[in-house]
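Below are the chains, spelled out letter by letter.
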Amino acid sequence: MTLKKQYLEAGRIVNTHGVRGEVKIEPWADEAAFLTRFKRFYLDGKPVRVLSCRVHKTMCIAALEGIDDVNAAMPLKGKILFIDRDDARLPEGTVFIQDILGAKVVDESGAELGVLAEVVPAPAASVYVVRGQREILIPDVPAFILDKDADNGVVTVRLIEGM
């Protein structure tokens, strides 16, 4: 497996919010509240202190140091925000999707099915797209995803007939 990246994509600034320079962030996490835990984001490779960050519907609204009005916030639209892996605390048994993309996917017997090509967000559960001899779509639920070993680059799954 490849070396884990230190800085991880966390979301995209999709718009400004109000006139005081706040930005609206589309979070790339299981839940928007994950981003509210960070004291700094990285933008264009530079750290930016987070003055405040709150959840608004499915988005985050953040005030960033040095961005004091809507004119300063406008050029940030479309930019990707990063977080430092060392600043993140994940619940036990969870991994960053980025750490398992490209991982070998095997079934319970150890038979190789292909590689994890992408993870597609969906309302009920994300869907793992496994590409090998054929493409397999697997819901990210404990009944089907048995183990995510990011350190060894292996995802173990249980398939049912028709998958």
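Located above this text is the structure these notes cover.
A brief report on the enclosed structure follows.

Calculation criteria
Residues numbered from 1 in each chain as written. Predicted model: local features only at pLDDT ≥ 70, side-chain atom pairs only at ≥ 80, totals over all residues. Heavy atoms only, no water. Pairing = 2+ DSSP bridges. Helix = DSSP H or I, 4+ residues; strand = E, 2+ residues; numbered from the N terminus. Axes fitted to C-alpha atoms, helices over the stretch in contact; angles between N-to-C directions. Phe/Tyr/Trp six-rings, centres within 6.5 Å; stacked < 30°, edge-to-face > 60°. Buried < 20%, exposed > 50% of the residue type's maximum accessible area, 1.4 Å probe, protein only. 1 Å grid on protein atoms, 1.4 Å probe; cavity = no way out; pocket = protein on both sides within 12 Å on 5 of 7 lines; lining within 4 Å. Points joined across faces, edges and corners; volume = space filled by probe spheres on them. Salt bridge = Lys/Arg side-chain N within 4 Å of Asp/Glu carboxyl O. Disulfide = S-S within 2.5 Å.

1. A closer look at the sheet that holds strand β11 (residues 145-149)
Sheet strands pair by backbone hydrogen bonding; their relative direction is either parallel or antiparallel.
At step 1: Read from one edge to the other, the open sheet built from 6 strands follows the order β10-β9-β8-β7-β12-β11, with strand pairing classed as mixed. Edge positions in the sheet fall to β10 (135-139) and β11, since each has one partner strand and no second. Ignoring which end each strand starts from, the neighbouring axes of this sheet average 30° apart.
At step 2: Two elements, strand β9 (residues 127-131) and β10, share 5 bridges in a ladder whose sense is antiparallel.

2. A word on the packing of aromatic side chains
At step 1: For the structure shown, the criterion picks out 3 aromatic pairs.
At step 2: Taking the centre distance of 5.2 Å and the plane angle of 70° together, the rings of phenylalanine 34 and phenylalanine 38 count as edge-to-face. The same class applies to phenylalanine 34 as to phenylalanine 38, namely buried.
At step 3: A centroid spacing of 6.4 Å and a plane angle of 40° characterise the contact between phenylalanine 38 and phenylalanine 41, whose relative ring orientation is tilted.

3. Details of the layout of surface pockets
At step 1: Put simply, the largest pocket is a space of about 930 Å³.
At step 2: Considering the residues around the largest pocket, the lining is formed by 28 residues, among which Trp28, Ala29, Asp30, Val95 and Ile97 are closest to the centre.
At step 3: Broken down by secondary-structure element, the contributors of at least two residues to the lining of the largest pocket are β1 (7-17) and α2 (97-100).

4. Concerning the pattern of salt bridges
At step 1: In total, this model carries 12 salt bridges according to the counting rule given.
At step 2: Across the pair lysine 79 and aspartate 44 runs a salt bridge whose closest N-O atoms are separated by 3.0 Å. Linking lysine 79 in the loop between α1 (70-73) and β6 (80-84) with aspartate 44 in the loop between β3 (40-43) and β4 (46-56), this pair joins segments that are 35 residues apart in sequence.
At step 3: Its relative accessible area of 26% is what places lysine 79 among the partly exposed residues.
At step 4: Via salt bridges that share partners, Glu118, Arg131 and Glu135 belong to a single interconnected network.

5. Description of the environment of lysine 46
At step 1: With respect to the helices and strands, the residue lysine 46 is situated in strand β4.
At step 2: Looking at lysine 46, the relative accessible area reads 55%, which means it is exposed.
At step 3: For lysine 46 and proline 121, which are 75 residues apart along the polypeptide, the C-alpha to C-alpha distance reads 28 Å.

6. Notes on the state of the cysteines
At step 1: Evaluated as defined, the whole model comprises 0 disulfides.
At step 2: You can see cysteine 60 has no disulfide; the closest cysteine sulfur is in cysteine 53, sitting 4.3 Å from it.

7. Looking at the sheet that holds β6
At step 1: The strand order around the closed barrel formed by 6 strands is β1-β2-β5-β4-β3-β6, and the pairing between neighbours is antiparallel. Between one strand and the next, the sheet's axes are offset by a mean angle of 45°, whatever the strand orientation.
At step 2: When β1 meets strand β2 (residues 22-27), the two strands line up antiparallel, connected through 6 bridges. Across the sheet, the residue bridging to asparagine 15 is lysine 24, located in β2.

8. A look at the pairing of strand β8 (residues 112-120)
At step 1: For strand β7 (residues 104-107) and β8, the ladder comprises 3 bridges, and the chain directions are antiparallel. Bridging from a neighbouring strand, lysine 104 pairs with valine 115 of β8.
At step 2: With antiparallel pairing between neighbouring strands as the criterion, β7 and β8 make up a hairpin whose turn holds 4 residues, including glycine 110 at a positive phi of roughly 95°.
At step 3: Bridging between β8 and β9 involves 5 bridges; their strand directions are antiparallel. Note on β9: the bridge partner recorded for valine 119 is tyrosine 128.

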